[in-house]
Protein chains: 2
Amino acid sequence: MNNKKVGNQTVSFQSPPVVLSKFNAVGPKEGQGPLKESFDIILQDTYDGEKSWEKTEAKMLENAMRGAANKANIALDSIDYALAGDLLNQIISSNFAARQIGLPFIGLYGACSTMALSLALGSMLIDGGYASKVLCGASSHHDTAERQYRLPTEQGNQRAMYAQWTVTGAGSILLADTGTGPKVTTATIGRVIDYGETDANNMGAAMAPAVADTILAHFKDLNRPPDYYDFVVTGDLGAIGLQLAMEILKKNNFNITGQFTDCGVMIYSPEQDTHAGGSGCGCSAVVLSGNILDRMLKGELKKVLLIGSGCLHSTASSLQGETMPAIGHAVSIEAN
Amino acid sequence: MNNKKVGNQTVSFQSPPVVLSKFNAVGPKEGQGPLKESFDIILQDTYDGEKSWEKTEAKMLENAMRGAANKANIALDSIDYALAGDLLNQIISSNFAARQIGLPFIGLYGACSTMALSLALGSMLIDGGYASKVLCGASSHHDTAERQYRLPTEQGNQRAMYAQWTVTGAGSILLADTGTGPKVTTATIGRVIDYGETDANNMGAAMAPAVADTILAHFKDLNRPPDYYDFVVTGDLGAIGLQLAMEILKKNNFNITGQFTDCGVMIYSPEQDTHAGGSGCGCSAVVLSGNILDRMLKGELKKVLLIGSGCLHSTASSLQGETMPAIGHAVSIEAN
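Residues numbered from 1 in each chain as written. Chains lettered and ligands numbered in written order. Predicted model: local features only at pLDDT ≥ 70, side-chain atom pairs only at ≥ 80, totals over all residues. Heavy atoms only, no water.

**A few points about helix α5 (residues 142-149) of chain B**
Right, so step 1: The buried fraction of α5(B) is high, at 7 of 8 residues.
Right, so step 2: The complete set of buried residues in α5(B) reads H142(B), D143(B), T144(B), A145(B), E146(B), Q148(B) and Y149(B). (Buried < 20%, exposed > 50% of the residue type's maximum accessible area, 1.4 Å probe, protein only. Helix = DSSP H or I, 4+ residues; strand = E, 2+ residues; numbered from the N terminus.)

Structural data, given as structure tokens:
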């Protein structure tokens, strides 16, 4: 029966879903970074006319999802399902965006791995015969995430030098069973891995083992050589987590250093003073729906593996002395 | 391509997944209620030897998932995926349970609709050819939910007479592509509906419109008569929400009053003083994996429609003046 399952954690699509369109919205800091040309909407300020940052985040996600549908000239009501998630308690950004969009909605929580998870499940819905079109999305906002997980940004606290900067941004991708564009060919669902990290400023260290676990599973399940992809990108380990993931992979005799980078490393320049780089569900969502897919559409990249990485702690679990488990979900996207 | 989609929101499975086994764990109050015979584990107290209620909740969910696998004599590592969610911020109960279980994990957030959502997606994974066995689960704990959403239970505040009582419980169902047992035949994915309710004690009122919307979509999509099912059960509207849902359905000329009830109404007796009845992801999870499936296995029920109902607010959204949107996801389970 499970004729599309390959190995322990991976599925291979028989009719790989097409990336029909993509759209994103980012905050002003992201709009000043090295990937600025690849963003559809750049907010002038972090509120964008809303009374709270939470409302801004929900609006960004709604606009990203509407934008993806519009760009493909697809009416919202001809889309079968929307799948989305975010970092906020009870994923309110996604719930409120879904209320405005009006589509049948599947709410996900995978922390910063959410964009990859929504693409993995969305692809299963299409390839499985349950949908023709699925709208996938994810969002985060620097100021909503920081006050929920760490400290309110208004306090102006000194950040740890190894901390990542939560991206203000939302990205959406419209998947379809027919059409022209890069295709989602496989997906690897991650396991929850916990090496005992407890510092909520050091998420890269918490996530690196989970990402390495998923990468090793992906290549083993599909029996693909390390150089199969011309671009392997995590989203988002940051500079320190990326280094740690490379070390774990090397210890497992697996070397993909040459083509391996991270959305959190890509999105800011060193001059922007974000320390270890970007994080948040919105980070891989806007880098994938921006720079990476742009390069695929231009023919610069042919085969891409995105490994979304999520740190699965809450303030309650950390206050109760729990460590921070993490997860990585991977999707491969390949040009025709 | 989408040959399994029926109407706007519903999918019909070509090879309906089998409910291979089920297992649940509940708190002492639930263990004294009218459904006590249908629970596998009844905790002696709400801590069960753990230092916090959050840890107790994660342990209940882990035990429910392990229990379902054990009861079917299936080794955990021969199960393809686990899907679960709960009410806590960042679904920590599910994340920590998944860490212990070790399976590839898909995290969901649908508030109290989560058990139905996990069964809907789990069935798509099996029927779609991506998995042979999927472990679905959901949990809630009265004291973790109350202190997160409302007030710490230690304060002993007077509860509103129309409030529901969050169930302490976790339920798990093992779905498989082969075997003997009732089958998940269809699933209807809900839309986010918001009638403007703002009182976090009145969740039944917030959820009733979303549940009615999904019920109407389900019967319309499949063109089934109102008396198709011998048991239509929401999870969990409570007594007030159930009444409101019936009124909305009647206004739409749809009458299923005879066979229509609610998991939150079933789980406690009036003497237990829970006011409007049970709520929480664990409520429909333990009533379905207990009483309802027991009656199906005994032949007392043949065709069941479960509509999981979730209220999609957070304390942050409510404090910012937002209303409480809600969602309902439905799965039909039919005996052979």
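**What about the pairing of strand β3 (residues 18-26) of chain A?**
Residue and element names in this part refer to chain A.
Right, so step 1: The buried fraction of β3 is high, at 8 of 9 residues.
Right, so step 2: Sheet topology places β3 next to strand β9 (residues 169-176); 8 bridges connect them, and they run antiparallel. Considered in β9, the bridge of V26 is made with G169.
Right, so step 3: Two elements, β3 and strand β4 (residues 41-42), share 2 bridges in a ladder whose sense is parallel. Looking at the pairing, V26 lines up with I42 of β4. (Pairing = 2+ DSSP bridges.)

**A few points about the relation of the copies chain B and chain A**
Right, so step 1: For these two chains of identical sequence, chain B goes onto chain A by a turn of 180 degrees and a shift of 0.0 Å along the axis, with RMSD 0.0 Å. Accordingly, the operation relating the two chain copies is best matched by a two-fold axis.
Right, so step 2: An overlap of 100% is found between the interface residues of chain B and their copies at the interface of chain A, pointing to a shared contact surface. (Least-squares fit on C-alpha atoms with pLDDT ≥ 70 in both. Contact = heavy atoms within 4.5 Å.)

**A look at the packing of aromatic side chains**
Right, so step 1: As enumerated under the stated definition, the model contains 10 aromatic pairs over all chains in all.
Right, so step 2: Note on Y47(B) and W53(B): the rings are 4.8 Å apart at their centroids and 20 degrees apart in plane angle, and the pair reads as stacked.
Right, so step 3: On the basis of an interplanar angle of 55 degrees and a centroid distance of 4.8 Å, the ring pair of F219(B) and F254(B) is categorised as tilted. Taken together, the residues span a long stretch of sequence, with F219(B) in helix α6 (residues 203-222) and F254(B) in the loop between α7 (238-251) and β12 (260-262) at a distance of 35 residues. By the burial criterion, F219(B) is buried, and F254(B) matches it.
Right, so step 4: An aromatic cluster of at least three residues, connected via ring pairs, comprises F219(A), Y228(A), Y229(A) and F254(A).
Right, so step 5: Its guanidinium or amino end placed over the ring of Y228(A), R224(A) lies 4.1 Å from that ring's centre, counting from NZ or CZ.
Right, so step 6: Over the ring of F231(A) we find R295(A); its NZ or CZ atom is 4.8 Å from the centre of that ring. (Phe/Tyr/Trp six-rings, centres within 6.5 Å; stacked < 30°, edge-to-face > 60°. Lys NZ or Arg CZ within 6 Å of the ring centre and 35° of its normal.)

**Observations concerning the pattern of salt bridges**
Right, so step 1: As enumerated under the stated definition, the model contains 30 salt bridges over all chains in all.
Right, so step 2: Across the pair D194(A) and R99(B) runs a salt bridge, and its minimum N-O distance is 2.6 Å. Taken together, the residues span two chains, with D194(A) in the loop between β10 (183-188) and α6 (203-222) and R99(B) in helix α3 (residues 92-101).
Right, so step 3: Residues joined in a network through salt bridges with shared partners are K55(A), R99(A), D194(B) and E322(B). (Salt bridge = Lys/Arg side-chain N within 4 Å of Asp/Glu carboxyl O.)

**Thoughts on empty space enclosed by the protein**
Over the atoms rolls a probe the size of a water molecule, and in doing so it shows where empty space is left.
Right, so step 1: For the structure shown, the criterion picks out 4 cavities of 30 Å³ or more.
Right, so step 2: Surrounding the largest cavity, 13 residues form its lining, L87(A), C112(A), Y149(A), R150(A) and M203(A) being those nearest its centre.
Right, so step 3: Residues belonging to the lining of the largest cavity are distributed by class as follows: 8 nonpolar, 4 polar and 1 charged.
Right, so step 4: Here the second largest cavity defines a volume of roughly 70 Å³.
Right, so step 5: If you go around the second largest cavity, the residues you meet are L87(B), A111(B), C112(B), A145(B), Y149(B), R150(B), T166(B), M203(B), S279(B), G280(B), C311(B) and H313(B).
Right, so step 6: Looking at the lining of the second largest cavity residue by residue, the class counts come to 7 nonpolar, 4 polar and 1 charged. (1 Å grid on protein atoms, 1.4 Å probe; cavity = no way out; pocket = protein on both sides within 12 Å on 5 of 7 lines; lining within 4 Å. Points joined across faces, edges and corners; volume = space filled by probe spheres on them. Nonpolar A, V, L, I, M, F, W, Y, C, P; charged D, E, K, R; others polar.)

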